[in-house]
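# Coordinate inspection notes
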Amino acid sequence: MDELRRRQYLKALGLDLWLSRDTPDPLAVAEAPPAPVGVRRAVSEVREARLATPAPEPAPEAPPATAPPIEVPQDWTRARALVADCRRCRLCETRTQTVFGVGVEAASLMVIGEGPGAEEDARGEPFVGRAGRLLDEMLKSIEHSRGTDSYIANVVKCRPPNNRDPQPDEAEACRPYLEAQLKLVKPKLILAVGRVAAQRLLQTDTPLSRLRGQLHHWGPDRTPLWITYHPAYLLRSPREKAKAWADLKFVSRFLGEAAS
Ligand code: SF4
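Residues numbered from 1 in each chain as written. Predicted model: local features only at pLDDT ≥ 70, side-chain atom pairs only at ≥ 80, totals over all residues. Heavy atoms only, no water.

The criterion, for reference: UniProt positions are given in the numbering used here, feature names are shortened, and annotations may be inferred rather than shown by experiment.
The protein chain carries the name Type-4 uracil-DNA glycosylase in an unreviewed UniProt entry, which gives Banduia mediterranea as its organism. According to the UniProt record, the Catalytic activity (unreviewed entry) comment for the protein chain reads "Hydrolyzes single-stranded DNA or mismatched double-stranded DNA and polynucleotides, releasing free uracil." Under the UniProt heading Sequence similarities (unreviewed entry), the entry covering the protein chain gives this text: "Belongs to the uracil-DNA glycosylase (UDG) superfamily. Type 4 (UDGa) family."

And the structure:
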């Protein structure tokens with residue numbers, strides 16, 4: 001193409017500004033030589049590698065919206081194994097590990113909290129950290145401990161994200177494991193600690209202030225259940241410790257009479 005025809009052609013395309021600037025000629029760009037063979041080979045190798053990349057692993061199956069019923073496990077080994085692999089509710093997606101329970105497996109007192117917090121989730125044991133130490137002190141005041149005549153568990157065995165309350169459907173999904181623990185421990189009394197544990201166990205929204213101070217029952221065998229404050233709440237509201245002490249005195253008296 002001679003220079004005059006080239007200029008007319010560019011003008012017709014609206015590209016005549018190229019003629020007044022010191023920029024590469026677009027026609028020259030269009031006619032640029034093909035990329036060297038080495039570059040083409042590298043590009044084709046990348047394409048082939050992409051095609052050869054295996055498909056990503058399928059995401060683990062989401063837990064069901066409503067957990068189907070399961071048989072209550074009849075022995076400790078089976079109960080522990082089922083809990084360790086459990087995906088019956090959404091809490092399985094955010095836990096580090098399940099937190100089964102701790103204590104004497106034939107205790108007269110079973111303490112039930114709402115669910116593992118961050119420290120429990122990390123250590124795999126219920127009621128550790130400051131609140132756990134206060135619970136140990138509370139038990140000690142009535143001559144109990146997690147190593148002597150007490151078993152400690154939670155309504156749900158996996159940590160709710162951001163320490164939110166376990167939801168009723170999560171408590172329901174986890175209920176067979178708590179029932180198994182109750183059947184195996186056979187305590188004389190359950191001590192529910194805190195509003196959430198009490199409300200989830202009794203399936204009610206009644207405030208703690210109205211649930212405390214009266215004997216309830218839980219589970220297929222209607223095990224007697226008493227309610228007190230959660231030690232984490234007592235750390236924030238030490239003035240309530242006097243009421244918690246009254247609850248503990250009832251627990252001690254009840255267990256004393258049950259043993260006689
Ligand atoms: S909270 Fe209970 S039901 Fe839910 S995944 Fe954990 S062990 Fe299973």
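### Quick look at the overall build of the protein chain
Rules: In this text, helices come from DSSP runs of H or I with a minimum length of four residues, and strands from runs of E with a minimum of two, each type numbered from the N-terminal end. The rule is simple: take the accessible area with a 1.4 Å probe, protein chains only, and divide by the maximum for that residue type; under 20% is buried, over 50% is exposed, in between is partly exposed. Where accessible areas are quoted, they stem from the Shrake-Rupley method and a 1.4 Å probe; at the residue level, only the protein chains shown are allowed to cover.
Each helix and strand in the protein chain was counted, giving twelve helices and six strands. Taking all 260 residues of the protein chain together, 40% fall into the buried category. As displayed, the protein chain offers around 15,200 Å² of accessible surface, 53% of which is attributable to carbon and sulfur atoms.

### Overview of the site of the ligand
For the record, the criterion: Note on definitions. A residue lies near a molecule or strand when any single heavy atom of the residue is within 4 Å of it. Gly falls in the polar group here, along with every residue not listed as nonpolar (Ala, Val, Leu, Ile, Met, Phe, Trp, Tyr, Cys, Pro) or charged (Asp, Glu, Lys, Arg).
As a structural note, the neighbourhood of the ligand is formed by Cys86, Arg88, Cys89, Leu91, Cys92, Arg95, Val156, Lys157, Cys158, Ala173, Cys174 and Tyr177. Tallied by class, residues from the shell around the ligand come to nine nonpolar, no polar and three charged.

### Describing the side chain of Thr204
Operational definition: Nitrogen and oxygen atoms within 3.5 Å of one another constitute a polar contact, given that in protein one can donate a hydrogen and the other can accept it, and given that sequence-neighbouring residues count only through two side-chain atoms.
Along the chain, the position of Thr204 falls in the loop between helix 9 (195–202) and helix 10 (208–211). A polar contact is formed between the side chain of Thr204 and the side chain of Thr206, at a distance of 2.7 Å.

### Considerations on the sheet that holds strand 4 (residues 189–193)
As a reminder, the rule being used: Two strands are counted as paired when DSSP detects at least two bridges linking them.
One open sheet holds the six strands; their spatial order is 1-3-2-4-6-5, and the pairing between them is mixed. Of all the strands in the sheet, the pair left with one neighbour each is strand 1 (102–103) and strand 5 (216–218).

### Observations regarding the side chain of Glu179
Using the following cut-off: Here, residues are in contact when the closest pair of their heavy atoms is within 4.5 Å.
Here Glu179 lies in helix 8 (residues 168–185). Looking at Glu179, the relative accessible area reads 14%, which means it is buried. Discounting chain neighbours no more than four positions away, the residues touching Glu179 are Val72, Trp218 and Pro220.

### Describing the nonpolar core
We count it as follows: Among buried residues, the Ala, Val, Leu, Ile, Met, Phe, Trp, Tyr and Cys ones that are joined through side-chain atoms within 4.5 Å form a nonpolar core.
Within the largest apolar cluster, 54 residues are counted, with the highest numbers of intra-cluster contacts made by Leu109, Met110, Tyr151, Leu201 and Val251. Residue contributions to this core peak at eight residues, all from helix 8. Aside from chain neighbours lying at most four places away, what touches Val251 is Leu109, Ile142, Leu189, Leu191 and Trp226.

### Re the pairing of strand 6 (residues 223–228)
A regular strand carries its side chains on alternate faces of the sheet. The buried fraction of strand 6 is high, at six of six residues. Here strand 6 shows no split at all, with Thr223, Leu225 and Ile227 on one side and Pro224, Trp226 and Thr228 on the other all buried. The pairing of strand 4 with strand 6 spans four bridges and is parallel. Among the inter-strand pairings, Ala192 is bridged to a residue of strand 6, identified as Ile227. Between strand 5 and strand 6, which pair antiparallel and follow one another directly, the connecting turn spans four residues, one of which, Gly219, has a positive phi of 90°.

### Let's talk about unusual backbone geometry
Even without being glycine, Asp149 reaches a positive phi, approximately 65°. Relative to the helices and strands, Asp149 is located in the loop between helix 7 (129–141) and strand 3 (150–154). Of note in the backbone geometry, Arg222 takes a positive phi value of approximately 50° without being a glycine.

### Concerning the environment of Arg80
With respect to the helices, strands and loops of the structure, Arg80 is situated in helix 5 (residues 76–84). Judged by relative accessible area, which is 36%, Arg80 ranks as partly exposed. With 18 residues separating them in the primary sequence, Arg80 and Thr98 have C-alpha atoms 9.5 Å apart. Contacts of Arg80, omitting those with residues within four sequence positions, involve Phe100 and Glu105.

### Some remarks on the packing of helix 5 against helix 8
Note the threshold: Simply put, an axis is a line fit to the C-alpha atoms, just over the touching stretch for a helix, and the angle between two N-to-C directions goes from 0 to 180 degrees. Throughout this description, any angle smaller than 35 degrees is read as roughly parallel, any larger than 145 degrees as roughly antiparallel, any in the 65 to 115 degree range as roughly perpendicular, and the remainder as oblique. Crossings are classed by handedness, with left-handed meaning an anticlockwise turn of the near helix from the far one by less than a right angle and right-handed meaning a clockwise turn.
It is at 10 Å that the axes of helix 5 and helix 8 come closest, and there the two elements cross at 160°. With respect to their mutual orientation, helix 5 and helix 8 come out roughly antiparallel. The two elements helix 5 and helix 8 cross, and the hand of that crossing is left-handed. Side by side, helix 5 and helix 8 meet where Trp76, Ala79, Leu82 and Val83 of the first sit next to Tyr177, Ala180, Gln181, Leu184 and Val185 of the second. Here the residues of the contact of helix 5 with helix 8 sort into eight nonpolar, one polar and no charged.

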